[in-house]
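The lines below spell out each chain.
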Amino acid sequence: MKLVYPACFYPNSSSGFTVIVPDLLGCVTEGDNFADAFEMAVDAASGWVLTALEDCEELPEASSLKNVKADDYKDGFVCPLVLNMDTYAEKHGGKSVRKNCTIPNWLNTKAEEAHINFSAVLAEALEKKLNLA
């Protein structure tokens, strides 16, 4: 899933920028130069969105670029941020999901007697099957 949110960039006293993503309450970051600030803004906004998704919260609708003004401070400007949430979640997602599966009773008994952690075994097997391990 790709999302686009407008961000307001404000030059600070050095050559850096402070960035505010108005649609994502409290999403503020900064960088030492424009490239750094842009990268930090994408990361901060992606983290904000991933947290909301993992908490099953509704995402705020992105404002239209033409409706967002960066007049709060001198020389501010608006720039769109493109968030690739699939890539970000793959790298940074940490929320676990519950999966039910069925195994033979005798295998369950043996595994419980051996104090096997079913979740860990399933995760290891999936990583191996998907060539991730």
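Residues numbered from 1 in each chain as written. Predicted model: local features only at pLDDT ≥ 70, side-chain atom pairs only at ≥ 80, totals over all residues. Heavy atoms only, no water.

J.: Looking at this structure, how should I read the overall build of the protein?
T.: Of the regular secondary structure elements, the protein holds four helices and four strands. For the protein, the C-alpha radius of gyration of 22 Å lies well beyond 14 Å, the compact-globule estimate for 133 residues. Counting every position in the protein, which comprises 133 residues, the buried fraction comes to 24%. Of the contacts formed within the protein by residues at least 6 apart in sequence, a portion of 58% connects residues at least 24 apart. Looking at the protein as shown, the accessible area adds up to about 9,700 Å², and 54% of this sits on carbon and sulfur atoms. Computing the positive centroid from 11 side-chain charges and the negative centroid from 20, the protein places the two 9 Å apart. (Helix = DSSP H or I, 4+ residues; strand = E, 2+ residues; numbered from the N terminus. Rg over C-alpha atoms; globule rule 2.2 N^0.38 Å. Buried < 20%, exposed > 50% of the residue type's maximum accessible area, 1.4 Å probe, protein only. Contact = heavy atoms within 4.5 Å. Areas by Shrake-Rupley, 256 points an atom, 1.4 Å probe, with all protein chains shown as cover. Lys, Arg positive; Asp, Glu negative; His and termini not counted. Charge placed at Lys NZ, Arg CZ, Asp CG, Glu CD.)

J.: Please clarify how the packing of helix H1 (residues 34-54) against helix H2 (residues 85-92) should be interpreted in this entry.
T.: For the pair H1 and H2, the least separation of the axes is 10 Å and the interaxial angle reads 80 degrees. Of the possible angle classes, the one that applies to H1 and H2 is roughly perpendicular. For the pair H1 and H2, the contacting residues are Asp 43, Ser 46, Gly 47, Val 49, Leu 50 and Leu 53 in the first and Met 85, Tyr 88, Ala 89 and His 92 in the second. Of the residues in the contact of H1 with H2, the class split is six nonpolar, three polar and one charged. (Axes fitted to C-alpha atoms, helices over the stretch in contact; angles between N-to-C directions. Parallel < 35°, antiparallel > 145°, perpendicular 65-115°, else oblique. Nonpolar A, V, L, I, M, F, W, Y, C, P; charged D, E, K, R; others polar.)

J.: Quick question: what am I supposed to make of the sheet that holds strand E1 (residues 2-11) here?
T.: Sheets are built from strands paired through backbone hydrogen bonds, the pairs being either parallel or antiparallel. If you trace the four strands from one edge of the open sheet to the other, you get E3-E2-E1-E4, paired in antiparallel fashion. Each having just a single partner strand, strand E3 (28-31) and strand E4 (77-84) make up the two edges of the open sheet. Shown here is a sheet whose adjacent strand axes are inclined to one another by a mean of 35 degrees, direction ignored. In terms of strand pairing, E1 meets E4 through eight bridges, oriented antiparallel. Among the inter-strand pairings, Ala 7 is bridged to a residue of E4, identified as Cys 79. (Pairing = 2+ DSSP bridges.)

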